[in-house]
Structure formats: C-alpha cells, structure tokens
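Breakdown of the fold
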Amino acid sequence: MRAAAVLLLLHVGSSVQSTDFVIDAGGDVDDGGVPDTPEAARQVQAKEHVVLGHHGGVEEAAIVDISQMSLGRLQSRRKALREEIARLEKQRASLLQQQQAPKNATAAEDEGPQVASEEEVTRMREQGKLYTVIACFVLLAVIAFELIHLKFSDVDWNRNVPLLDAENPPPNLEEINFDGVCALATPFFLGEAKEKAATLLITILVLRCGVLLWASYVVNDISGRYWDAIQAKQWEMFLACFLAFCALITVQIFAVAYVQYLTGMLTIEWRQWLTRRLQASWFKNQAFYRMQLASQGGDANMGVDNPDQRIEADAARFCDLWLGLFTGVLSAIGQGVVFMVLVYTLTPVHPFGYQGVKFQGWLLVTSVVYVAICTWLTHIIGHKLILIGYAQQRFQADFRSGLIRVRDQSEAIALYRSEERENERLVSRFEDVKRGFWESMFYNKKLTMSNYFFTVVSELFPIIVLGPAFFQGVVTLGVFFRLRNALGQMNDSLTWGVNAYSEIADFRAVTNRLMEFQRMAQLAQDQAGPGPHRTEKAAAIAFSGVEIRYPDSKPLLRDVNLVMPKGRWVLLSGTEGSGKTTLQRAAAGIWPYVSGDVTLPAESTTFLPPTSKHSLRSGTLREAVSYPRSPGAFPDAEIEEALSAVGLDRLLERLPGEKSALDRDEDWTMRLSAGERQRMDVAHVLLAKPEWLFCDELTSHMSAKGAGKVYEMLRQRLPSSTVVSVAHNVDQLRRFHDVHWTVDAQNKRIVVDESAPEFASH
C-alpha cells in the first residue's frame with residue numbers, strides 16, 4: 001500500500017513540476033523536482049508532507065499524511081489536486097500575459113519600423129527607374145510643345161508693339177518710388193476720414209499681425225506637445241492638446257473672416273475718396289479737356305490714354321493691392337521675427353547631424369541664404385511683368401473704348417453700313433490684347449514653375465536638414481514637428497516677396513498709371529492760365545492782341561482785336577477749319593494755345609457746342625432739358641412751356657401709367673433727330689435766359705423756315721442778351737444779327753462788317 005502511494009505521489013509530483021510547485025524532499029531533491037530513488041521516496045515518507053509553492057503571488061501548501069492515507073482517499077485527493085493545478089495554470093497564463101504586454105510594447109518601440117526587405121528595395125529601385133523614364137518623356141514632350149505651339153497661337157510675332165518694347169518703355173514707367181505711393185495713400189489717412197480710416201487699419205493690423213500671429217505661434221507649440229503625446233501614448237495629454245487646438249482654430253476662423261470683412265470696408269471708403277480726388281483733379285480748370293486735346297494732338301507731355309479706366313479700374317485695384325501688400329509685409333515681418341527666434345532656439349547645435357561641428361544658428365543662416373537666392377531668381381524671371389501689366393491695361397482699355405464707340409455711334413455706323421470697318425478696328429485692337437496676354441503667359445509660366453519648385457523645396461528642406469537629428473535621437477517627434485512648422489512659417493515670411501511678386505508687379509503698373517494721370521492732370525491745370533478776365537461791370541466782350549495757335553504751335557488766328565457791346569447780336573462765319581469754333585473756345589477759356597487778353601462780363605454766360613459733337617442731354621426728359629443745371633433747377637411748368645415753344649410738345653404726351661412725361665428716361669440721342677436735339681438746346685436757352693450766349697451751328701439741322709422761327713423767338717424772349725452765332729448759312733441768318741464777322745483764313749484775321757440792313761428792315 002505504501003509503495004503504491006509513493007508511486008502515485010511521484011506521478012503527482014511530476015505533474016506539479018510543470019506548474020512551478022516545489023516538493024521539499026531534503027537535500028537530494030531540487031526545487032520543482034520529484035524523488036527519483038527509493039531513498040528519496042523514504043525521505044518523503046519520513047517528511048510526511050508535500051509543500052506546494054506559489055505561482056504569480058498565489059501561495060498554497062498541502063500536507064498529506066501518507067502513512068494514515070487510504071488508497072481511496074489518495075485517489076480523491078489526486079483528483080482534487082488536478083483540478084487545483086488546472087485552475088492555477090489559468091491564473092499563471094493570465095499573469096504571464098499581463099506581465100509580457102509592456103515588455104512586448106517596449107521591444108516593439110526599441111525595434112522601430114520594420115526594415116524593408118531586399119525584395120522591396122529592389123522593387124522600389126525598379127519603380128524609380130520607371131518614374132525617371134516618365135520624367136524624361138514629360139521633359140521631351142515639354143520641349144516639343146515649346147517648339148511648335150507658337151505656330152498655332154495665331155499671333156503676329158513680327159508686328160512691333162511699342163508698349164511691349166523693353167528697350168523703350170513708356171515714359172516714366174520706371175519712376176515709381178515711395179514718395180509717389182505716399183502721395184496717393186497718405187492724404188486719405190491724414191485727411192477728413194482719418195479717424196475712421198485709422199481705426200479700421202489698426203483693427204486689421206491687430207487681427208492680422210497680432211491675433212493671427214499669436215494663434216499661429218501657440219498652435220505651433222501645441223502641435224509639438226500633440227506629437228509628443230502621440231509618441232508617448234499619453235491619451236490625457238493628447239486630448240488636452242486637441243481641445244486647445246480646436247479653440248485656437250475657432251479664434252483663427254473668426255479673425256481671418258473679419259480681417260477680410262474690415263479690409264473690404266476700408267477698401268471701399270478709400271476707393272470712394274481716391275475716386276473723388278482723381279475726378280476733382282480731372283475736372284479742375286477743364287483739365288479733362290486739355291488732356292484729351294493733348295492726346296489727340298500727340299502731345300506726350302500732357303496727353304494720357306483712357307482716363308476713364310484709370311479713375312474707375314486702376315483706383316480700385318490700387319486700393320486693393322496697397323492694403324493687401326501693406327498688411328501682408330507687416331504680417332510677414334512679425335511672423336519672421338517671432339519664428340526666427342523659435343527656429344534659433346530649437347535648432348540642434350550640430351549642423352545636419354554632424355557631431356564634429358557646433359553652430360547654434362546654422363539652420364537660420366541656411367534658410368536666409370536660400371530665400372535670398374529664391375528672391376533674386378524670381379526677380380530675374382518675372383521683372384518684365386511690370387511692363388507687360390502696364391501695356392495690357394492699355395490694350396484692354398483701348399478695346400473697351402472701341403466697343404463704346406460702336407454703342408454711342410450705332411446709328412451713324414448703321415447708316416454708313418460700316419459694320420465691317422468697325423469690326424476690323426475691334427479685331428485689330430484685340431490683337432494687341434491677345435499679344436499682351438501671350439506675353440504675360442510666357443513670364444507667368446516661368447514664374448509659376450520657379451515658385452512651385454521653391455515651394456516643394458521649402459516643404460522638403462526641414463525634413464532633409466532635421467532628419468539626421470531626429471534619427472539620432474537629438475530631437476523628439478514633437479520638437480521635430482514644432483521646428484518643421486516654425487521653419488515653414490519663417491520661410492513663408494522670408495519668401496513673401498517671391499510669392500507676392502505678381503501682385504507687386506501689378507501694383508507697380510497700376511501705381512504708374514495713377515501717378516501719370518495725376519501728373520498730367522496737374523500739368524493741364526498749370527497750363528490753363530488765368531483764362532478770360534471777367535469784370536463785374538464790363539459792358540462788352542473784348543479781344544485785345546489775341547493770338548490763337550494749333551496744338552503744334554502753328555498760328556490759327558493772329559492779332560484779334562474785337563469788341564462786342566452788350567445787347568448786340570454777332571454772326572461769325574468762315575470756311576471750314578478757319579478758326580470760328582476755336583475763337584469761341586478761347587472766349588470760354590478752355591483753349592490752352594492762346595495769348596493776349598480776353599475780357600468777359602461776370603454775368604451768366606452760356607456756351608452751346610455743336611449738337612453733332614455731343615450727346616449730353618440724357619436721363620429723364622427733365623434732366624435732359626435742364627442740363628447742365630440740376631433736374632430741379634426749373635419748375636416743371638416752365639419746362640413744359642419751353643418744350644412746346646420749340647415744337648417738341650409731342651414729347652409731353654404721357655404714356656399709360658405715367659404721372660408726368662418729364663419723368664420718362666430714354667436715350668434721347670437715339671430718340672430725337674439732329675434737328676430735334678437742336679430744338680432741345682434752344683428750350684434750355686429759353687429756361688436759362690443767359691445774358692451772354694455763344695452758340696455754334698445752333699440751327700444747322702433745321703429747315704430755313706424752322707431756323708428763322710427759332711431766331712425770331714430768341715430775339716423776342718432774350719431782348720437784352722448778347723448772342724454770338726457761328727454759322728455757315730449766312731444768307732438765312734444775316735438779317736437776325738447786328739454785326740457780321742468773317743474769318744479770313746488766308747490772312748488768319750477776322751474782318752468786321754457792321755452793316756445790317758436786312759435786320760433793320762425786319
């Protein structure tokens with residue numbers, strides 16, 4: 001019985017051995033072993049106990065008195081021990097798994113990413129070769145395209161376009177300077193609207209250069225902590241960084257939106273002020289007329305093309321570009337200073353991971369040198385865009401003016417059937433637009449490629465220079481990303497000029513055009529001279545020693561000495577181009593090429609230009625008749641009476657739903673015939689009742705009978721007025737005038753004939 005029990009115990013001991021149980025059997029038995037000899041078995045029996053050790057912190061002892069144990073009880077006990085062993089095995093496996101998990105994680109971190117196999121390296125090399133072949137194919141396609149695509153451009157590259165000639169740029173194109181820009185900007189910020197303008201500008205700068213810059217700096221700091229938390233698997237830190245990041249993004253969203261909104265508010269205020277300023281200088285002393293006259297006469301010293309575009313489009317573009325560039329450069333300076341300090345602080349001391357050299361600011365110096373090279377290359381590539389932008393604005397304005405010409409002269413073009421000629425004119429002007437557009441594309445293509453190259457290099461630059469330090473363990477993942485973001489922000493600030501080069505070129509061209517406009521307007525004002533001398537008690541219009549010249553300084557009229565007493569009617573006639581209309585211009589003080597003395601009374605004077613040369617009577621019928629007075633200058637009843645007196649009563653017929661025919665808004669140039677437009681001029685004269693009236697071809701489009709009735713009416717209604725009539729139909733109008741002046745074109749003088757028997761008999 002005892003032998004069987006010992007053998008059973010040996011079997012149990014061998015099973016317990018695999019579970020780290022300890023059987024203490026004296027000196028001949030090792031920990032975790034079983035008795036393998038009879039002597040050892042006797043020692044176990046003498047010991048009369050079995051000690052079962054601990055497993056993973058669980059301890060239990062089982063003492064069995066073998067000598068008193070029956071075989072049945074031993075079997076029962078054996079079964080219980082097996083169940084206990086199974087339970088402890090499960091606990092042991094669970095504890096081992098828990099203890100092994102951190103070790104496995106640490107080992108995985110120590111091992112790092114899986115090393116690519118030789119097959120993967122070979123595969124990547126093959127792909128690199130394939131990509132190289134594709135790149136070579138693309139390069140060949142680009143070369144082929146560059147060689148042949150101009151043949152399909154439908155552009156005459158041999159045609160000389162003066163404005164695109166870099167060797168002979170437009171006058172004063174290169175003269176833009178800081179003083180010129182300040183002359184356009186400073187008066188607004190120091191003028192009447194300075195409080196509003198300064199408030200808006202300061203708010204924009206605070207948001208853009210303060211709030212957004214601060215937010216960018218803090219986001220950069222948080223991003224570093226964010227990546228450090230990911231590397232360390234710290235969920236609480238990761239969540240805290242994420243929530244802070246979301247809050248800062250909210251701040252940035254509102255700041256960006258209101259920077260744009262406030263910039264729009266400031267832009268429209270500034271544009272309104274600048275537009276009014278340009279308009280005022282354009283109208284002062286009839287500068288608009290002299291500038292146009294100089295342009296038509298080929299005077300480059302005072303002529304300016306498309307002043308309407310410069311006031312409407314260039315002024316708006318100047319305000320947009322100035323604000324964008326001004327706030328942009330200040331933001332770039334602040335951003336550069338802040339992130340330069342951060343880059344200098346975070347930069348590893350060993351350049352490019354080379355342990356043999358220490359230089360704290362190596363990354364900052366490298367970046368500055370790189371940006372300087374990029375800026376220089378960008379200027380070399382794109383500097384001609386300034387000239388092209390200036391020319392392209394001119395070409396587009398010329399094309400637009402041609403379209404306006406067709407719109408305003410549609411009836412004449414239709415009667416002439418000159419659609420083909422006008423279309424040819426527009427096609428020719430658009431050829432210049434197309435040529436300028438192609439020239440712009442050439443340089444923008446080069447600029448785009450260079451800028452994209454610089455952008456890609458800027459993205460790769462931090463990775464290349466910081467990679468060795470990261471793999472050497474000098475910087476953590478968070479510091480790596482902080483330094484990478486800071487370096488990107490610093491490079492963005494340093495390359496601001498490169499990225500904004502197109503806007504800078506556009507700004508320079510626009511500023512040149514506005515400065516040129518102001519310079520020409522001021523020159524036209526200065527050349528205006530004092531004009532006619534107006535005297536309160538003057539009883540006559542007098543010309544003393546007056547000489548009138550063409551724009552090219554050739555004489556038109558010499559030694560004009562005339563006196564026109566108050567109340568006299570003068571008829572001025574002569575051959576075409578002899579100077580009749582120009583004499584009226586000199587009397588009005590708008591002709592700049594005149595010398596001598598012209599005296600006019602201070603009383604109301606009206607000058608009526610030839611109706612065929614203007615179509616100013618537009619808007620409502622009330623506005624058309626009242627022009628140049630305001631619509632409410634004359635009572636409606638008087639306007640209606642004047643229209644009826646000149647034979648335009650049909651215009652007073654009200655249409656269904658109209659309260660008054662005077663409120664009808666039509667294109668009166670198209671609605672009325674030339675003779676009816678002249679009758680509308682006469683209606684205005686009846687309303688204004690001027691003391692002195694100069695009229696040029698007032699009745700040239702009327703019948704002889706109609707012209708006679710008009711002059712009879714004027715003699716009756718303006719009995720004390722003085723009238724100077726320029727006309728060719730002398731035989732019809734001679735009898736309505738007191739004096740006849742004839743221009744002797746050959747001798748360039750005016751001959752006076754004061755006999756007026758026809759009028760006396762009338």
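Each helix and strand in the protein chain was counted, giving 24 helices and ten strands. A total of 762 residues make up the protein chain; the buried ones form 40% of that total. Counting only contacts in the protein chain whose residues sit at least 6 apart along the sequence, the fraction spanning at least 24 positions is 74%. Accessible surface computed for the protein chain: about 42200 Å², of which carbon and sulfur atoms make up 58%.

Next up on the list: the packing of helix α10 (residues 362-382) against helix α13 (residues 419-471). Packing of α10 against α13 leaves a shortest axis separation of 10 Å and a crossing angle of 170 degrees. Between α10 and α13, the angle falls in the class roughly antiparallel. Along the contact surface, α10 presents Trp362, Leu363, Thr366, Ser367, Tyr370, Cys374, Leu377, Thr378, Ile381 and Gly382, while α13 presents Tyr443, Lys446, Leu447, Ser450, Asn451, Phe454, Val457, Ser458, Phe461, Val465 and Leu466. Tallied by class, the residues present in the contact of α10 with α13 amount to 13 nonpolar, seven polar and one charged.

This next bit is on the sheet that holds strand β9 (residues 739-744). Strands pair in a sheet through their backbones, by hydrogen bonds, and they do so in one of two ways: parallel or antiparallel. If you walk across this open sheet you meet the six strands as β6-β7-β8-β4-β9-β10, and the pairing is mixed. Both edges of this open sheet fall to β6 (605-608) and β10 (749-753), since each of them pairs with a single strand only. This sheet shows a mean twist of 15 degrees between the axes of neighbouring strands, independent of strand direction. Two strands pair when backbone bridges link them, and strand β4 (residues 569-573) and β9 are joined in this way by four bridges, in the parallel orientation. Directly across from Leu572, in β9, lies its bridge partner Trp741.

Per the counting criterion, the structure on display carries 21 aromatic pairs. With a centroid separation of 6.4 Å and an interplanar angle of 65 degrees, the aromatic rings of Trp569 and Tyr711 are classed as edge-to-face. Of this pair, Trp569 sits in strand β4 while Tyr711 sits in helix α22 (residues 704-717), and the two are 142 residues apart along the sequence. The two residues Trp569 and Tyr711 agree in class, both being buried. Taken together, the ring pairs connect Phe188, Phe189, Trp270, Trp273, Phe318, Trp322, Phe326 and Phe507 into an aromatic cluster. Here the guanidinium or amino end of Lys446 rests over the ring plane of Tyr443, the centre of that ring lying 5.2 Å away.

By size, the foremost hydrophobic cluster in this structure holds 38 residues, and its most contacted members are Phe189, Leu266, Trp270, Leu274, Met291, Phe318 and Trp322. Of all the elements in the fold, those that place two or more residues in this core are α5 (178-190), α6 (194-232), α7 (235-283), α8 (287-296), α9 (307-346) and α16 (501-526). In this structure, Trp270 is in contact with Leu184, Ala185, Phe188, Phe189, Phe318, Cys319, Trp322 and Leu323, ignoring residues within four places of it in sequence. By size, the runner-up hydrophobic cluster in this structure holds 37 residues, among which are Ile639, Val646, Trp668 and Met680.

The subject of this paragraph is the confidence of the model for the protein chain. Note that predicted coordinates carrying low pLDDT should not be read in detail. Averaged over the protein chain, the pLDDT score is 77; the fraction of residues at 70 or greater is 80%. Residue range residues 756-762 is modelled with pLDDT below 50. Its contacts to residues more than four positions away, or to other chains, number 13 contacts.

Turning our attention to the pattern of salt bridges. Taken as a whole and judged by the stated rule, the model has 19 salt bridges. The partner of Arg568 in a salt bridge is Asp738, and the shortest N-O contact between them spans 3.9 Å. Of the two residues, Arg568 sits in the loop between β3 (555-565) and β4 while Asp738 sits in the loop between α23 (730-733) and β9, which places them 170 residues apart along the sequence. Classification of Arg568 as partly exposed rests on a relative accessible area of 26%. When its relative accessible area of 13% is taken as the criterion, Asp738 is described as buried. When salt bridges that share partners are traced, they join Arg405, Glu422 and Arg425 into one network.

Look at the link from Tyr627 to Pro628: it is a cis peptide, with omega at 10 degrees. Tracing the backbone shows Pro628 in the loop between α18 (621-626) and α19 (636-645). Phi is positive for Lys689, which is not a glycine, with a value near 50 degrees. Turning to its location among the elements, Lys689 is positioned in the loop between α21 (674-688) and β7 (692-696). Residue Lys689 is classed as partly exposed on the basis of its relative accessible area of 48%.

In contact at an axis separation of 8 Å, helix α11 (residues 385-408) and α16 are set at 55 degrees when each is read in the N-to-C sense. Accordingly, the angle class assigned to the pair α11 and α16 is oblique. Between α11 and α16 lies a crossing whose hand is right-handed. When α11 is examined against α16, the residues Leu385, Ile386, Gly389, Tyr390, Gln393 and Arg394 are found in contact with a partner set consisting of Ala505, Asp506, Arg508, Ala509, Val510, Asn512, Arg513 and Glu516. Each residue belonging to the contact of α11 with α16 can be placed in one class, and the counts come to six nonpolar, three polar and five charged.

On to the pairing of β9. Consecutive residues of a regular strand have side chains that alternate between opposite faces of the sheet. In terms of strand pairing, β9 meets β10 through five bridges, oriented antiparallel. Paired with Thr742 across the two strands is Val751, which belongs to β10. Between β9 and β10, which follow one another and run antiparallel, lie four residues, and Lys748 among them has a positive phi close to 60 degrees.

With that settled, the discussion passes to α11. For α11, with 24 residues, the first-to-last C-alpha span of 34 Å sits near the 34 Å given by 1.5 Å per residue. Taken together, the buried positions of α11 are occupied by Leu385, Ile386, Leu387, Ile388, Gly389, Tyr390, Ala391, Gln392, Gln393, Phe395, Ala397 and Gly402. Considering only its buried residues, α11 is in contact with α9, α10, α13 and α16.

Our focus in this paragraph is a nonpolar patch on the surface. A surface patch of nonpolar side chains, about 710 Å² in accessible area, is lined by Val357, Phe359, Val365, Val369, Ile373, Trp376, Leu377 and Ile380. Its place among the elements puts Val365 in helix α10.

Let us now look at α10. The α-helix winds at 3.6 residues per turn, so residues separated by three or four positions along the chain end up facing the same way. For α10, with 21 residues, the first-to-last C-alpha span of 30 Å sits near the 30 Å given by 1.5 Å per residue. For α10, the set of buried residues is Trp362, Leu363, Leu364, Ser367, Tyr370, Val371, Cys374, Thr378 and Gly382.

Let's shift gears to the environment of Asp314. Note that Asp314 resides in helix α9. The spacing of Asp314 and Thr511 is 197 residues in sequence and 8.0 Å in space, taken between C-alpha atoms. In this structure Asp314 touches Gln309, Gln393, Val510, Arg513 and Leu514, once residues within four positions along its chain are discounted.

Here Gly191 shows up in the loop between α5 and α6. Given the relative accessible area of 23%, Gly191 is considered partly exposed. Put simply, Gly191 and Trp273 are 82 residues apart on the chain and 9.8 Å apart in space, counted from C-alpha to C-alpha.

What counts, and where the lines are drawn
- Residues numbered from 1 in each chain as written.
- Predicted model: local features only at pLDDT ≥ 70, side-chain atom pairs only at ≥ 80, totals over all residues.
- Heavy atoms only, no water.
- Helix = DSSP H or I, 4+ residues; strand = E, 2+ residues; numbered from the N terminus.
- Buried < 20%, exposed > 50% of the residue type's maximum accessible area, 1.4 Å probe, protein only.
- Contact = heavy atoms within 4.5 Å.
- Areas by Shrake-Rupley, 256 points an atom, 1.4 Å probe, with all protein chains shown as cover.
- Axes fitted to C-alpha atoms, helices over the stretch in contact; angles between N-to-C directions.
- Parallel < 35°, antiparallel > 145°, perpendicular 65-115°, else oblique.
- Nonpolar A, V, L, I, M, F, W, Y, C, P; charged D, E, K, R; others polar.
- Pairing = 2+ DSSP bridges.
- Phe/Tyr/Trp six-rings, centres within 6.5 Å; stacked < 30°, edge-to-face > 60°.
- Lys NZ or Arg CZ within 6 Å of the ring centre and 35° of its normal.
- Core = buried A, V, L, I, M, F, W, Y, C linked by side-chain atoms within 4.5 Å.
- pLDDT = per-residue confidence, 0-100.
- Salt bridge = Lys/Arg side-chain N within 4 Å of Asp/Glu carboxyl O.
- Left-handed = near helix turned anticlockwise from the far one by under 90°.
- Expected span 1.5 Å × (residues − 1).
- Patch = residues over 30% accessible without salt bridge, like charges linked within 9 Å, V, L, I, M, F, W, Y side chains within 5 Å.

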